[in-house]
Every structure is written in C-alpha cells, then in structure tokens.
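# Chain and residue survey
Below are the chains, spelled out letter by letter.
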Amino acid sequence: ALMAVAVTGAFLIGQWPEAAMVMALYAAAERIEDRAMDRARLAIRNLLRLAPDTTEVLQPNGHSLTVPTADVPTGALVRVAPGARIPLDGEVIAGHSSVNQAPITGESVPVDKAPGDSVWAGSINQQAELQLRVSAATANSMLARIVQAVEQAQASKAPTQRFVDRFAAIYTPIVMVLALALAVLAPLLLGWTWLDAIYQALALLVIACPCALVLSTPVTVVSALTAAAKRGILIKGGSALESARQLKAIALDKTGTLTTGSPKLVDWQGWNATSSDEAAARAYALASRSDHPVSRAIAQGLETQVGKDFAEAQQLQALPGRGVQAQIDGERWTLANLRWVGEQGWDSAELKAALMLQEQQGRTVTLLANEQGVQALFAVADPLRPQAKAAVAQLQALGVKPIVLSGDNSATVRTVAAEAGISDARGNMLPEDKLKTLSELQRDIGPTAMTGDGINDAPALAAADIGIAMGGGTDVAMHAAGITLMRGDPMLVAAALDISHRTVMKIRQNLFWAFAYNVAGIPLAALGYLNPVVAGAAMALSSVSVMANALLLKRWRM
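In short, a report on the structure. (Residues numbered from 1 in each chain as written. Predicted model: local features only at pLDDT ≥ 70, side-chain atom pairs only at ≥ 80, totals over all residues. Heavy atoms only, no water.)

## Quick look at helix α13 (residues 349-359)
Residues separated by three or four positions in an α-helix point in the same direction, a consequence of the helix having 3.6 residues per turn. Buried residues of α13: Leu351, Ala354, Leu355, Gln358 and Glu359, and no others. The buried residues of α13 occupy an angular sector of 135° when the element is viewed end-on, so they sit on one face. Turned more than 90 degrees from where α13 packs its buried face, Ala349, Glu350 and Leu357 sit exposed. Check the buried side of α13 and you find it contacts β12 (264-270), α12 (338-343), β16 (363-370), β17 (373-381) and α15 (410-420). (Buried < 20%, exposed > 50% of the residue type's maximum accessible area, 1.4 Å probe, protein only. Helix = DSSP H or I, 4+ residues; strand = E, 2+ residues; numbered from the N terminus. Arc of directions from axis to C-beta. Contact = heavy atoms within 4.5 Å.)

Here is the structure:
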C-alpha cells in the first residue's frame, strides 16, 4: 500500500525516473524474497523425489513386473534390489539387509532390516535384495506425510508473526498520516515548496515500507521447520517452534525414550504350584498378543521354549497401566505388574522381596497370575540408549529440568534415571497419574513438555505445553504431540529445543534490524536527506539482509 501510494504520487508530480527506480527496486526485492521463500519451502518437497518412479511388483508366477510407483496398491509384494531406493512404505517379508534411512530420519548409521521390520519409501537398500509387502500407497507414505505436516506447519502463523501482522495493520495508516502531515505542514512551517514537501513525503512512504519487518518472522520459521525436518524433527507449526524455548521442565517416559524400547527377557522363575512349562505357555499366549515392549520381550524370550504347542488366548483385554488379561483353556490368566497384583491382595512379603532383588538390577518384573494367585515372575531388562546421558546433559545446559515419569516400578525407574543423570524419577504411574503430575510440574516449575511414545503417554502429550513423540511410537502419540522425532534418539529432544532457541534469536535479530532501519530512515526522509530512489534501495537492502540472515538457519546443526 505504501509503495503504491509513493509511486502514484511520483507519477502525479512528474518524477518519472524516481517512480521507475522505486518500482524496479521493489520488484527486484520481491523477486529475491520470493525465490528465497520458495527455496526454504520447497526444500522439504524434494524428499518426494527420493522415491523411485517405478517399482518391481512380484507376480503370482514368481516373475516381476515394473509398474509406476503411484499405481502400486497396498498389500502388493515388491522387490528392492541392493543399492536401490525403497519405493514405498512396507514390511520386510524376505531378505536381510542394512538400510540407509538418513533421508527420512536423519539417522547417519544404516539400520539392519529383517523379516517383520518396517521400511520407508526413499530410504536406500544397501546390501542384499529385499522383498516387501506394501503398507501404504504413495499418497500415504511417511515421505508424503512429512511433507504434508511441514506444509501445514508453514501455513500456520507463529505468535511473533501474528503480533507483527497486527502491528503492521496499525503502523501503515500511521505512516500514511505522517507522510500527509509532512506534505501539508512542511510548506507552512518550514518554508519548503509544495513540490519538495510532496517529494520528501513520497521518500518517507518508501523508506517506511515494513517489508523487512513483515518478512522477518515467516522466512525464519520456514527455514527452521525445513532444517529441522531434514534432520528428523517434525515440528507442527511456528507456535510449537517458538514455545519450545520457554520450557522449564521436560517429563520423559522411560521405555522407548531413555531406553532402547527393545527389552530382553533375562530371567524368569515359576511361583507357587504351576509347572514351568505351563507358566511359559500361558505367559507366551498373553504376551504374544500385546504390543507393549515388555510383553514383546517376554514373547520373544519364550518363543523357542514354547514352540507351537500352546493354547490361544481368548477374549483378550488390556488393563491400562497394569497389563493384559484373557481366557486360556477356560481359565482367566493375567500378565500384569505388581500394582495389579497388589490390588488383588497377592503381594506377599516374599513376593516383594523377590521383586526387589530384580529391580535393584534395573530390571522390570512382570507377573503371571491365574485365579489362584501369582504363578511366575518374568524379569526384563531394557538398556539405556547410548545417547541418553549426553541428551540429559544438553537439556540441563539449556536450562530445562528433566524428570522421568514411567509406569514401570519405582526402583527400576530410579536406577535407569540415575544412570542417565536424572535425579527426579517417578514410577508406578498410570496415564492419569502422568496427567496429574504434569499439571503439578506446570504449576510449580513452569512450562513443561512431555516426551513419550505409547498410547498411555497420549493424554499427557496432549496436555503438556509441548508434546514430543519419539520415533517408532504409536500413531496416537504422534498425532497428540506438537513435535515428532522421526527416530528414537533422545539427542533429538535437545536438538528440538536448540533449534527453537536459535529460531527465536534469529527472529529477534531480524526484528531489531528491521525496526532500526525504519526508526533511522523515517526521520532522515522527513528532514529531506533521502530521496525516493535511495529510500527504495535501502528498503530493498533491508529486506534482502533479513532474508539472508533467516536462511542461515537452513545450515543449522546441533
């Protein structure tokens, strides 16, 4: 609006060269801004080019047929040659290989894949042929969802951007009034000619154009979102990006966040009169039907012992925060934690002593029970992630207090937390307990984030000031979170907070220089020291400098 009035005014008073130069400078600045914004926005879309255009689809006769990737349906069997890019999300059904997932997760080290493992479109099969069953069509692949999430985030306005937009809506008419006052009052009070007064009023309109001010936030946010996404951090909008720097505490789930989430069955023993073979068979029947990491570890540990001769679990039901329960051979069996056993009145002193010995070694104990009481104990150990200790130290360096909230037993939680360098650890927490504790942390400490990967974390993720979902977690957790980490690396938690700090710092730098440019330029134009051409050049330079400073975030690394 200010530029349009200035150019029109220059036409009216016959200043054709000035009008032409101002238009040329403004158009050049706009072109540079558009190209820079497009580069920032479209960088993430280049991910879609990582997936090949064609796919080898296996036919019933054993041969393969090359078809366009976009035409491959869910459930199809496809073959991926060594060295080729994986065309679609899927599950490995045959072959063993290592896969470079860096384009999707930012993970530099290739990951071994075997039958049953998931792979993502755009990652690179490195060693041997793989056969996959397609789990998602092109439009629903992880790549497509990342692009969609980033674009939605870029479309939403950050709090600072909303403030600047409101400010610009007030600032523009004020500048118009100032320019009009200069054009009218300068001849009356300062003895200027009417032509000179209008000329300087036009210069004031040009120098006051708030392009740099309005651009300072969105280009910075877009650059940050793109840089974060390329390194495996998916941030859902400028609001989450800016708010992360205000965090004072962060609640961390233990399993899958601080630990690998791939626990192993390290010990088990019968209890009471049930035979070891029967206890193993019953535990396997229950554990094999559950998606909980501890249950999966028990099932994997017992698989070779049980074989195929076991009764199926019927009428399976989850006991949130406690375990699973089902009918086996007409009898009710439960695989649960000590909390549930205590609610049944079966937590004897002898049983507690046996559990304490295991928990002191950092193990999680799950109990198998029927209607007569506890029949077996299963001890599972989940090793700490190699990066956990460094991630905790980085969070503390950023001024954020880490706290562990876990449904696991308190002794195990304290052992793991101490190993990671965290002093505040709380165990035996149900989903509602995490929610209550989160509210207390928000009240006592300040803005608090929640990091987790399971269904039981989803309520707390949604209620936190910022929810951070770990990669490999459930879809429920990822949808509830404001930040999703594409791989289970706790260093990415600290990295997400670091990019937030750096983004806000860039925004403040840009706002400062944009304001400084206007504060210095408007008086100079009003006093007659700037003409419209110089003002136009200064306006273009300020916009380009803001863009260049913001685009430096694309090079961000933790």
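## Quick notes on the pattern of salt bridges
Per the counting criterion, the structure on display carries 12 salt bridges. A salt bridge links Glu343 to Arg322; its shortest N-O distance comes to 2.9 Å. With Glu343 in helix α12 and Arg322 in the loop between β13 (314-319) and β14 (323-328), the pair connects residues that are 21 residues apart, well separated along the chain. Residue Arg322 is classed as partly exposed on the basis of its relative accessible area of 23%. Linked through salt bridges whose partners overlap, the residues forming this network are Glu278, Arg282 and Asp329. (Salt bridge = Lys/Arg side-chain N within 4 Å of Asp/Glu carboxyl O.)

## Quick look at the packing of aromatic side chains
Overall, the coordinates contain 5 aromatic pairs when judged by the stated rule. Centre to centre, the rings of Phe167 and Phe515 are 5.5 Å apart; their planes meet at 70°, and the pair counts as edge-to-face. Residue Phe167 is located in helix α5 (residues 159-189), and its partner Phe515 is located in helix α19 (residues 491-526); the two are separated by 348 residues in the primary sequence. By relative accessible area, which is 32% here, Phe515 ends up partly exposed. Summarising the aromatic geometry, the rings of Trp268 and Phe378 are spaced 5.3 Å apart at their centres and angled 10° between planes, so their arrangement reads as stacked. Of this pair, Trp268 sits in strand β12 while Phe378 sits in strand β17, placing them 110 residues apart in sequence. Under the relative-accessibility criterion, Phe378 is labelled buried at 0%. By the ring-pair criterion, three or more aromatic residues cluster together here, those being Phe167, Tyr171 and Phe515. (Phe/Tyr/Trp six-rings, centres within 6.5 Å; stacked < 30°, edge-to-face > 60°.)

## Comments concerning unusual backbone geometry
Even without a glycine there, the phi angle at Gln315 is positive, about 55°. Following the sequence through the fold, Gln315 ends up in strand β13. Note on Gln315: relative accessible area 66%, which makes it exposed. The residue Asn428 is not glycine, and still its phi comes out positive at about 55°. Along the chain, the position of Asn428 falls in the loop between β19 (425-426) and α16 (431-444).

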